Amino acid sequence: MTARPAPRVGLVSLGCPKALVDSERIVTHLRAEGYELSKTYQGADVVIVNTCGFLDSAKAESLSAIGEALSANGKVVVTGCMGADPGIIHETYPDVLAVTGPQQYEAVVDAIHKAVPPVHDPYFDLVPPQGLRLTPRHYAYLKISEGCNNRCSFCIIPQLRGDLVSRPAADVLREAERLVKAGVKELLVISQDTSAYGIDLKYAASRWKDRDVRAKFLDLSRELGELGAWVRMHYVYPYPHVDDVIPLMAEGKILPYLDIPLQHASPNVLKAMRRPAHQEKTLDRIRRWREICPDITLRSTFIVGFPGETEEDMDILIDWLEAAELDRVGCFQYEPVQNAPANDIAPPVPEEVKAARQRRFMEAQARISARKLRRKVGRHMPVLIDSVDGGIIRGRTKGDAPEIDGTVHVTARRPLRVGDIVSVKIERADEHDLYGRSA
Ligand code: SF4
């Protein structure tokens, strides 16, 4: 009797790192059941499209990805944030096999079972203990909670993903330890609101090794810092208790890096945005963090052209930026999100005004960024190697997150491998990247 070939699943993963983690979980589950992955539509028996529904432009991208998968393959299961509003998908593409919402792993797996049943083979243990990752082997995202208790006026994530649900600390630590044992050198901690971690659990402790660890940002950071990998914190709001984590950065336990989505600096706009932890004291906090940990890298994102934003608000924002001297900054033009309360706050800012404000912002930040990077020239810095392609070697310092921050272009006399951490002497800098030589 000839064995039936393993069914093959194609996957298109759109959206943020949080969606990527969802994709990884689905893939791990399917691989455990004997499914294989296909890199092409043609080679797949069924295709999963993990969508992003945050902005209208992301929705349009998701819809076009579904259309492409349908015409290239024909069997498509849709999941992710857009799946929370299935009507538009069914209307546009009546032929999709199933539509499921974010984190509905079991529903996705059920839909795949119906489309292409699994082949049972008891002799294969198809999944390595750490699960399967779609990110490169040397770094991995670690999701510590789902959902969000905030209600920012421009955001529908709480409508899509619900209120905050944190994972117990021991659960997170077990996953982190498995990843490090499997060769991961850098853990990127993500959630919608990382500093709110554990509020829903009332910070309850769980048993990890010989101790109880509370589900608290500080306690989790301390334990993650013991695992021997770089630990990078994303989506941290500047609540007062974040101050307690900065000494761990100064001691080298976790990376001296904070990704804080501030979104604006003008009190009027922040109030209209209903941002968490918004207060005029953020500049003082940043100064204090730098006193404790002078090497800290601060990354943030901002929105310009929010309904009702005035030129005066913009001046406040630019002045704030000059004073704060953040290291890495992204700036987006406000895009109305369907069903977001922000749309009704004030008349929209005209498109050309938004574009001009974004240009003004980015020019100011480019000067700040270049100035800050120049200060690194002449220093020796540990660099994690991300890619080696012939003679072209690229890596990142502790101050650069993958995908979103800068790159270090490295020349080396000895061969380097992806995942190596080497000391690099920085010789040159431009607005975004560093250039250096490893010993
Ligand atoms: S903090 Fe605000 S922007 Fe972020 S997910 Fe929660 S509601 Fe949305």
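Please read these numbers as outputs of a predicted model, since none were measured by experiment.

K.L.:
Which residues make up the environment of Gly 399, and what are the values?
P.N.:
Residue position: Gly 399 is located in the loop between strand 17 (392-396) and strand 18 (408-412). Taking C-alpha positions, Gly 399 is 9.0 Å from Arg 328, a pair spaced 71 residues apart along the chain. Contact partners of Gly 399, with chain neighbours within four places excluded, come to Arg 232, Tyr 257, Thr 297, Arg 328 and Asp 405.

K.L.:
Tell me about the site of the ligand, and please be specific about residues and values.
P.N.:
Close to the ligand lie Cys 148, Asn 150, Cys 152, Phe 154, Cys 155, Ile 157, Pro 158, Gln 192, Tyr 237 and Arg 275. Across the shell around the ligand, the residue classes tally to seven nonpolar, two polar and one charged.

K.L.:
Explain the confidence of the model for the chain residue by residue, including any values.
P.N.:
In low-pLDDT regions, the fine details of the predicted coordinates are not to be read closely. Across the chain, the average pLDDT comes to 89, with 95% of residues at 70 or higher. Considering only residues more than four positions removed or in separate chains, one finds that residues 121-125, a stretch of pLDDT under 50, has zero contacts.

K.L.:
Describe the sheet that holds strand 17, listing the residues and the values that go with them.
P.N.:
Strand order in the closed barrel made by the five strands is 16-17-18-20-19, with mixed pairing throughout. Looking at each pair of strands side by side, their axes are set apart by 50° on average, direction ignored.

K.L.:
Mind laying out the pairing of strand 19 (residues 421-429), listing which residues take part and the relevant values?
P.N.:
Of the pairings in the sheet, the one linking strand 16 (residues 380-389) to strand 19 comprises five bridges and is antiparallel in character. The residue of strand 19 that forms the bridge with Pro 382 is Ser 423.

K.L.:
Run through the side chain of Arg 328, naming residues and quoting values.
P.N.:
Along the chain, the position of Arg 328 falls in strand 15 (residues 328-333). Arg 328 sits in the buried class, given a relative accessible area of 8%. Within the structure, Arg 328 has its side chain in polar contact with the backbone oxygen of His 432 (distance 3.0 Å).

K.L.:
Before we move on, could you go through the packing of helix 11 (residues 311-324) against helix 12 (residues 351-374) and cite the residues and values that matter?
P.N.:
As a packed pair, helix 11 and helix 12 sit with axes 10 Å apart at the nearest point and diverge in direction by 10°. Here helix 12 runs roughly parallel to helix 11, going by the angle between their axes. In this structure, helix 11 uses Glu 311, Met 314, Asp 315, Leu 317, Ile 318, Leu 321 and Glu 322 to contact helix 12, whose residues at the interface are Val 353, Arg 357, Arg 360, Phe 361, Ala 364, Gln 365, Arg 367, Ile 368 and Arg 371. Classifying every residue of the contact of helix 11 with helix 12 by side-chain character gives eight nonpolar, one polar and seven charged.

K.L.:
Break down the pattern of salt bridges for me, with residues and values.
P.N.:
In a structure, side chains of opposite charge can pair up when their charged atoms sit close to one another. All chains considered together, the criterion is met by 35 salt bridges. Between Arg 287 and Asp 284 there is a salt bridge, and its shortest N-O distance comes to 3.6 Å. Separated by three residues within a single helix, Arg 287 and Asp 284 lie in helix 10 (residues 282-292), roughly one turn from each other. The salt bridge partner of Glu 309 is Arg 357, with a shortest N-O separation of 2.8 Å. Within this pair, whereas Glu 309 is found in the loop between strand 14 (297-304) and helix 11, its partner Arg 357 is found in helix 12, the two being separated by 48 residues in sequence. Per residue, the accessibility class of Glu 309 equals that of Arg 357, and both read buried.

Rules used throughout
- Residues numbered from 1 in each chain as written.
- Predicted model: local features only at pLDDT ≥ 70, side-chain atom pairs only at ≥ 80, totals over all residues.
- Heavy atoms only, no water.
- Helix = DSSP H or I, 4+ residues; strand = E, 2+ residues; numbered from the N terminus.
- Contact = heavy atoms within 4.5 Å.
- Near = heavy atom within 4 Å.
- Nonpolar A, V, L, I, M, F, W, Y, C, P; charged D, E, K, R; others polar.
- pLDDT = per-residue confidence, 0-100.
- Pairing = 2+ DSSP bridges.
- Axes fitted to C-alpha atoms, helices over the stretch in contact; angles between N-to-C directions.
- Buried < 20%, exposed > 50% of the residue type's maximum accessible area, 1.4 Å probe, protein only.
- Polar contact = N/O pair within 3.5 Å; in protein donor to acceptor, adjacent residues only side chain to side chain.
- Parallel < 35°, antiparallel > 145°, perpendicular 65-115°, else oblique.
- Salt bridge = Lys/Arg side-chain N within 4 Å of Asp/Glu carboxyl O.

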